[in-house]
Amino acid sequence: MMADKENYRMAIDILCCHLGMSFDEACAELGLADDENQKLKEVSDVQQSLMGLLPEDSK
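Residues numbered from 1 in each chain as written. Predicted model: local features only at pLDDT ≥ 70, side-chain atom pairs only at ≥ 80, totals over all residues. Heavy atoms only, no water.

Where an unreviewed UniProt entry is consulted, the protein chain appears under the name Dethiobiotin synthetase, with the organism given as Grimontia marina.

**What about the environment of R9?**
Heads up, the rule is: Numbering of helices and strands runs from the N terminus; a helix is a DSSP stretch of H or I covering at least four residues, while a strand is a stretch of E covering at least two.
Looking at where R9 falls in the secondary structure, it is placed in helix α1 (residues 2-19). With 34 residues separating them along the chain, R9 and V43 place their C-alpha atoms 8.2 Å apart.

**A closer look at the nonpolar core**
A general tendency of soluble globular proteins is for nonpolar side chains to be buried together. Spelled out, the test is: Among the buried residues, those of types Ala, Val, Leu, Ile, Met, Phe, Trp, Tyr and Cys that are joined through side-chain atoms within 4.5 Å form a nonpolar core. Each residue's exposure class comes from its accessible area (1.4 Å probe, protein chains only) as a fraction of the maximum for that residue type: buried when under 20%, exposed when over 50%, partly exposed otherwise.
Grouped together as the largest cluster of nonpolar side chains are eight residues: I12, L15, C16, F23, A26, C27, L32 and L40. Counting only elements with at least two residues in this core, the list comes to α1 and α2 (23-30).

**Quick notes on the side chain of D13**
Just so we agree on the cut-off: Contacts between residues were defined by any pair of non-hydrogen atoms, one from each residue, lying within 4.5 Å.
Within the element layout of this structure, D13 appears in helix α1. Aside from chain neighbours lying at most four places away, what touches D13 is H18, S44 and Q47.

**Comments concerning α2**
Which entries qualify depends on this criterion: What the arc measures is the spread of directions leading from the helix axis to the C-beta atoms.
Within the span of α2, buried status applies to F23, A26 and C27. The arc enclosing the buried residues of α2, seen along the axis, measures out at 100°, which places them on a common side. When the buried face of α2 is taken as reference, the exposed residues oriented beyond 90 degrees from it are D24, A28 and E29. A positive phi of about 75° marks G31, the residue just after α2.

**What about the pattern of salt bridges?**
The following threshold applies: The term salt bridge refers to a pairing of a side-chain nitrogen on Lys or Arg with a carboxyl oxygen on Asp or Glu at a separation within 4 Å.
Summed over all chains, the structure comprises one salt bridge. For R9, the salt bridge goes to D13, with nearest N and O atoms at 3.6 Å. Here the residue R9 and the residue D13 both occupy positions in helix α1, the gap between them amounting to four residues, near one helical turn. Given the relative accessible area of 17%, D13 is considered buried.

Here it is, written out as structure tokens:
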């Protein structure tokens, strides 16, 4: 089950980074339900902020 979450996370990252989709659009494309996505979104947000893809709130 954890491996599935990792696979989804990678797929979401690819859709967001390479196709310019939002996290929610990527989840919809993969057919993932909203309640399953909160943890994945948190991980994705952290990764994207570390890569400088998300705007910083305090600058």
